[in-house]
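# Understanding the architecture of this molecule
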Amino acid sequence: MNENIRLLTEQQLATWETARRNYEALAHVQLKEVDVRGVRYRVQFNPARIVSSAARVDDRSLRERRCFLCPANRPSEQQGIPFRGHYQLLLNPFPIFPRHLTIVEDEHTPQRIATRVDDMLELARLLTDYTVFYNGPRCGASAPDHAHFQAGSRSFMPIESQWRTLGQTQIDTCSTARLLRLDDAPRHTLVITSPSATDAEQLFRRVYDALPVAPGEDEPMLNLLALYEPAGWTLFVFPRRKHRPSCYFAEGDARLLCSPASVDLGGVFILPREEDFLRIGSHEIEEMLNEVCWEGTL
């Protein structure tokens, strides 16, 4: 699978001008590091991501726009690799990572994780050069009306390695699977580890069923990261209580255009405006995490 994706990426970058321009621009993005209560985060200034950060995802806007993930509306240059008979692996033309994929359900069906956890874990097993991630419909997904995952270059997000060095509390088990809570407030990350995809999925379902569901919503608010190593799967669960922080809607100098999703919670905050990149520091990140992350008992 990794070799097929490598060939697809080469072909797409050779023939698709928009994608080539945006991937080349990654070499020039500005980066800095910020410490929040002893946990390291990175901040990336990436103007191309304004498409996602500023996306309107209210019901009216979704009804009035054409779904950009549906086959009929995707760019004519965009090609895919089939997965499990009902997904396509596509090159993401607005990358955060040096390698960035979108894995799109063929049918136009809402973004929901409940019946797709096994798909996510299998993607992680096959895409060993990548970390797979899921943004809930009110948790950073710019297309909450069309089911999809994304995948980005392995080891890009700090949490992929730093979680092992953070304080941990084991709070549940399911056969070979363990559920840990990290000492990384105000993020409050949950981690599921297991050599068995079945056990990891069963333990995730316990977490899923225990999390609160807001009135009018179909699933708990959460973001997920999944990766596979020889020892098995690691699934990061970021429970949430809010879609966007108050600074996103502020006016004037108080506004900070940041809509945290899986990558941000994984430790890389993406800012499409340079003035926000220059201004953001540990205080601003801590405030956003305090607003959007859920701290509760399962």
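Above this text is the structure in question.
Remember, predicted model here, so these are calculated numbers, not experimental data.

We now examine the sheet that holds strand β7 (residues 148–153). Read from one edge to the other, the open sheet built from 10 strands follows the order β3-β4-β5-β7-β6-β11-β12-β10-β9-β8, with strand pairing classed as antiparallel. Among the strands making up the open sheet, the edge pair consists of β3 (80–83) and β8 (168–174). If you compare each strand with its neighbour and ignore which way they point, the axes differ by 25 degrees on average. Here strand β4 (residues 87–91) pairs with strand β5 (residues 100–105) via 5 bridges, running antiparallel. Bridge pairing in β5 links leucine 90 to threonine 102.

With that out of the way, let us pick up the environment of leucine 8. On the secondary structure map, leucine 8 appears in helix α1 (residues 2–15). Apart from the residues lying within four places of it in its own chain, the contact partners of leucine 8 are Gln79, Gly80, Ile81 and Leu89.

Okay, unusual backbone geometry next. Note that the residue after alanine 185, namely proline 186, is joined by a cis bond; omega there is 10 degrees. Examined against the element boundaries, proline 186 turns out to sit in the loop between β9 (177–182) and β10 (190–194). Within the chain, arginine 37 stands out as a residue other than glycine whose phi angle is a positive 55 degrees. Within the secondary structure, arginine 37 is located in the loop between β1 (30–36) and β2 (39–45). One non-glycine residue, histidine 188, adopts positive backbone phi at about 60 degrees. As for its placement among the helices and strands, histidine 188 is situated in the loop between β9 and β10.

Our next topic: the sheet that holds β1. Backbone-to-backbone hydrogen bonds join strands into a sheet, with any given pair of strands oriented parallel or antiparallel. Spatially, the 3 strands line up as an open sheet ordered β1-β2-β13, and their pairing is mixed. One side of each edge strand has no neighbouring strand; the edge strands of this open sheet are β1 and β13 (268–271). Strand-to-strand, the axes of this sheet are offset by a mean angle of 25 degrees, without reference to chain direction. The sheet contact formed by β1 and β2 spans 7 bridges and is antiparallel. Paired with glutamate 33 across the bridge in β2 is arginine 42. Here helix α10 (residues 282–292) sits on the sheet in contact with β1, β2 and β13, set at roughly 70 degrees to β1.

Judged by how many residues are buried, β5 sits mostly within the fold: 6 of 6 residues are covered. Of the two faces of β5, the one lined by His100, Thr102 and Val104 and the one lined by Leu101, Ile103 and Glu105 are each fully buried. With 5 bridges connecting them, β5 and β7 associate as antiparallel partners. Across the sheet, the residue bridging to threonine 102 is glutamine 150, located in β7.

In the structure shown here, the tally under the stated rule is 21 salt bridges. Where aspartate 145 meets arginine 65, a salt bridge forms, and the shortest distance between an N and an O atom there is 2.9 Å. Of this pair, aspartate 145 sits in the loop between β6 (130–135) and β7 while arginine 65 is found in the loop between α4 (59–64) and β3, placing the two residues 80 residues apart along the sequence. Residue class for arginine 65 comes out partly exposed when judged on its relative accessible area of 22%. A salt bridge links glutamate 275 to arginine 273; the shortest N-O distance between them is 3.6 Å. One network of salt bridges, in which partners are shared, links Arg273, Glu275, Asp276 and Arg279.

Calculation criteria
Sequence positions are assigned chain by chain, starting from 1 and proceeding in written order. Two thresholds apply to this predicted model, a pLDDT of at least 70 for residue-level local features and 80 or more for giving and counting side-chain atom pairs, whereas whole-chain, interface and lining totals are computed over all residues. Side-chain figures throughout are based on the complete set of non-hydrogen atoms in the structure, without hydrogens or water. Only strands joined by at least two bridges in the DSSP assignment are considered to pair. In this text, helices come from DSSP runs of H or I with a minimum length of four residues, and strands from runs of E with a minimum of two, each type numbered from the N-terminal end. Only the contacting stretch of a helix is used when fitting its axis, a line to C-alpha atoms as for every element, and angles between N-to-C directions run 0 to 180 degrees. In this description, contact between two residues means that some pair of their heavy atoms is separated by no more than 4.5 Å. Partly exposed residues are those whose accessible area sits between 20% and 50% of the maximum for their type, while under 20% is buried and over 50% is exposed, using a 1.4 Å probe and protein chains only. Each reported salt bridge corresponds to a side-chain nitrogen of Lys or Arg within 4 Å of a carboxyl oxygen of Asp or Glu.

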